[in-house]
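# Secondary and tertiary structure notes
Letter by letter, the chains look like this.
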Amino acid sequence: MTITAIGKIEKKGFGFGVWALVSEDGKTYELQNPPPELCQSHAKVKIEGTIQEGVMTLAMIGPVLDLESYEILS
Amino acid sequence: MKKLLFLVLFIVGIWLAVGYFVDTKGLANKGKFDSIIINFDNDLPTADISQELAIVSQSTKQNPSLNSIFSIDQHIYTVKGDKSLLHKLRTSPIKKYTEYIEPNYIYSALETANDPDYSKQWNFRSINVEKAWDNNHGEGITVAVIDTGVSRVPDLRDTDFVEGYDFVNDRLDASDDNGHGTHVAGTIAQSTNNNYGVAGIAYRAKIMPLKVLSAGGGGTVADIAEAIRFAADHGASVVNLSLGGGGESTVLKEAIDYAYSKGVAIVAAAGNENQNSASYPGRYPKVISVAALDATGNKAPYSNFGARVDISAPGGSEQGKEGKILQETLDPTTKKPVLVGFQGTSMAAPHVAGTVALIQSSQLQVAKQEAAKNPNAKIKAEDLKATEVSSPAEILDILKQSSRKVQDDSFNYYGAGQLNAGEAVTLAVQGKLSFKDFFRWLRDNGYLNPIFWFDGGAIAVLPKILMIVGSYLLAFLLRVYVPLQWGAPLNWGLIFGSSGLFFLQGFYIFDLPQWPFRIMGSSFPELGNSVQGSHLLNPFFASVLIPLGFLLLLLGNRSGKSFAVGITLGVASYLTVSAVFNPHLWLLGAGTVSQVFLGVNALFCIFLAWLATKGEQRLV
């Protein structure tokens, strides 16, 4: 399932840390293998990606998002 | 005559109770001894003491000795001996020269660990692990850690490993390139009493490293399913899954069923989304799903809760100083070992997996002892395996029964309770298990259904039954004085007023909010507190007001009035039972004020029902 979401990029403190998109409607998506540019906090990012139903992670913070494109808005 | 009979029965009852206490909980159960204390009377002359000591020496064929130099004035001597000598001395003529003759019980300190940072492992004390260590340390058990791999950091060097597999890169070497799996393995079996680092729960158990998550922390359900089957086929009796997410998967479910059928206990993290319902694979029926506690024993802020949470264990939290779970692992950036605190249900699950290893080890030990005694045993003692002597269902039952129960857990934050490793091992050794009630049966069978789940622990059944019985008793008594319209409306009124459809309070549908079921499962007096899941009754709802409202509204309708009278009597019963068992009201607190409030309102309700039905009598 492909989705587009706008939100902030945050590091979540599970294990040594994972990067997540917390969308404006409050939903948390775990970023799968994010590029270095998204491995830092951003206030507003637009992301398009596919939810990976067959992937499990150590963070367990929400659906896993395989990035297709992104745009840093601020 | 009747009074005399009651008095005799009362005395016999007291005598039996005291006798039972002395036999089971009291003196006979205090512990081991291999010497006996003889305390001579303080005013007995020294010459007489010497004479008596000579007699003791003659009969025991040993010289009694002073317990210490401080015992001279106290006249306290000890002799080596057991129960039979104790009895002999107590029935001998020496007895009359003593203040007491009693066993010199041996007290031993609980086993602890010499690892220098063990003192920072608050989580181990909170699960009472030292008591479990008095029995075993996981000997003979293999725990599969299905994770990011496990690296042999210095504090895992004394821990035994068996061959694992790296399903991500398809190779035998299942080293860790993330740090998560090594941390998890540390909680289970960190090398302990090695004067280094920290301790592990079942530190004599073997670790089977199975890598299914990449350095980035993610992995496929196909790899996880294969790893579970590998564990079951290669001698693991416990599997730890500190991972989750994704949707339902047949391949994973079948792998879990396969391992379960081979006697493997599967433990999984409930997830870190702070949502109602455990995530997969914790959600599967045959998995022990673990929620996380912080250092204060409360729900960790991130932990999933509600549907399919079996038990809770320390997962730590970044809020508060040193509130995380400390283990040694590998820092993926420096590639060096590091003692680091992590948080998550990922950390809670291995506490349970380690405890399962301790339970299985104790059961294996007992089974081996029994097999060794029996020359006709089909399997030799040394060939027995953990999966042959304990079933995953029994393990779950032991974990739940031994857990520390949490009162007022309306949201099922804690499952059956907080993990208690010490009690779990004690219970496993005693082998005393019983299925308590219908609700457990219902809950266990609820697992067969992937849509809903039932939490039997949400309801205190006895007060609810008393409330229903009480309401019918009131209706019966009232019928003696005034005619009641006995029928469906009255019955429903009695039920909704007293207990409500209370079994619905523990009902969950995955991923849906649970409050509608709490409301549907509440009686009228509980409606004021059921939405927020509080056990504090709201004094506006737990009063005569609702029955009064119903009576005023429905007085003109025959069936409606009967329903309202039923509610009034039901509420009266509810308030009475609450006044006795749980007089705790919002704003009024717990105690006499609430008790009086509930009692007075119960009387008002009875009066109201009488008034309403009395009116009817006149009409008839």
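Source: prediction; values computed, not measured.

## Overview of the overall build of chain B
Each helix and strand in chain B was counted, giving 21 helices and 18 strands. Across chain B, every contact between residues at least 6 apart in sequence was considered, and the portion connecting residues at least 24 apart equals 72%.

## Comments concerning the overall build of chain A
The helix and strand tally for chain A stands at 0 helices and 6 strands. Overall, chain A shows an N-to-C arrangement of helices and strands of β-β-β-β-β-β. Over its C-alpha trace chain A gives a radius of gyration of 11 Å, about what one expects of a compact globule, namely 11 Å for 74 residues. Principal-axis analysis of the C-alpha atoms gives chain A an extent of 30 × 25 × 25 Å. Sorting the 74 residues of chain A into buried and exposed places 39% on the buried side. Considering only contacts within chain A whose residues lie at least 6 apart along the sequence, 56% involve residues at least 24 apart.

## What to know about the nonpolar core
All names here are of chain B. Val143, Ala231 and Val267 are the most contacted members of the largest nonpolar core, which totals 125 residues. Per element, the largest residue contribution to this core is 10 residues, and it comes from helix α10 (residues 345-373). For this core, the two domains that each supply at least three residues are domain 3 (118-360) and domain 4 (461-619). Residue contacts for Val267: discarding those within four places in its chain leaves Val238, Val239, Asn240, Leu241, Ile288, Val290, Ala349, Val352, Ala353 and Val356.

## A look at the sheet that holds strand β2 (residues 18-23) of chain A
All names here are of chain A. In space, the 5 strands of this closed barrel follow the order β1-β2-β3-β6-β4, with mixed pairing throughout. Strand-to-strand twist across the sheet, computed as the mean angle between neighbouring axes with direction ignored, equals 55°. Relative to β2, strand β1 (residues 2-12) is paired through 6 bridges, and the arrangement is antiparallel. The residue bridging Lys8 from the neighbouring strand is Val22, located in β2.

## Re the packing of helix α7 (residues 180-189) of chain B against α10(B)
All names here are of chain B. Two elements in contact, α7 and α10, have axes whose closest approach is 8 Å; the angle formed by their N-to-C orientations is 40°. Our classification of the angle between α7 and α10 gives oblique. Of the two possible hands of crossing, α7 and α10 adopt the one that is right-handed. Taking contact as the criterion, the partners of His180, Val184, Thr187 and Ile188 in α7 are, on α10, Ser346, Met347, Pro350, His351, Ala353, Gly354 and Ala357.

## Considering α7(B)
Residue and element names in this part refer to chain B. Summarising burial for α7: 10 of the 10 residues are buried, a large majority. Of all the residues in α7, the buried ones are His180, Gly181, Thr182, His183, Val184, Ala185, Gly186, Thr187, Ile188 and Ala189. Of the surrounding elements, those touching the buried residues of α7 are β5 (142-147), β7 (206-211), β9 (238-241), β13 (325-330), β14 (337-342) and α10.

## Some thoughts on unusual backbone geometry
That bond from B:Tyr280 to B:Pro281 is cis: its omega, 5°, falls within 30 degrees of zero. Considering the arrangement of structural elements, one finds B:Pro281 in the loop between β10 (265-269) and β11 (287-293). Unusually for a residue other than glycine, A:Met60 sits at a positive phi of about 55°. Structurally, A:Met60 can be placed in the loop between β5 (55-57) and β6 (64-72). Unlike most non-glycine residues, B:Asp408 shows phi in positive territory, near 55°. Along the chain, the position of B:Asp408 falls in the loop between α12 (392-402) and α13 (421-430).

## Re α12(B)
All names here are of chain B. Within the sequence span of α12, burial applies to Pro392, Ile395, Leu396, Ile398, Leu399 and Ser402. The buried residues of α12 occupy one face: seen down the axis, they fall within an arc of 160°. On its buried side, α12 packs onto α9 (250-261), β10, β11, β12 (311-314), α10 and α13.

Conventions adopted
Residues numbered from 1 in each chain as written. Chains lettered and ligands numbered in written order. Predicted model: local features only at pLDDT ≥ 70, side-chain atom pairs only at ≥ 80, totals over all residues. Helix = DSSP H or I, 4+ residues; strand = E, 2+ residues; numbered from the N terminus. Contact = placed C-beta atoms within 7 Å. Rg over C-alpha atoms; globule rule 2.2 N^0.38 Å. Buried ≥ 20, exposed ≤ 12 C-beta atoms within 10 Å, placed from the backbone. Core = buried A, V, L, I, M, F, W, Y, C linked by C-beta atoms within 7 Å. Domains from an automatic or database assignment. Pairing = 2+ DSSP bridges. Axes fitted to C-alpha atoms, helices over the stretch in contact; angles between N-to-C directions. Parallel < 35°, antiparallel > 145°, perpendicular 65-115°, else oblique. Left-handed = near helix turned anticlockwise from the far one by under 90°. Arc of directions from axis to C-beta.

Note that every value here comes from positions in space, so none of it alone points to a role or purpose.
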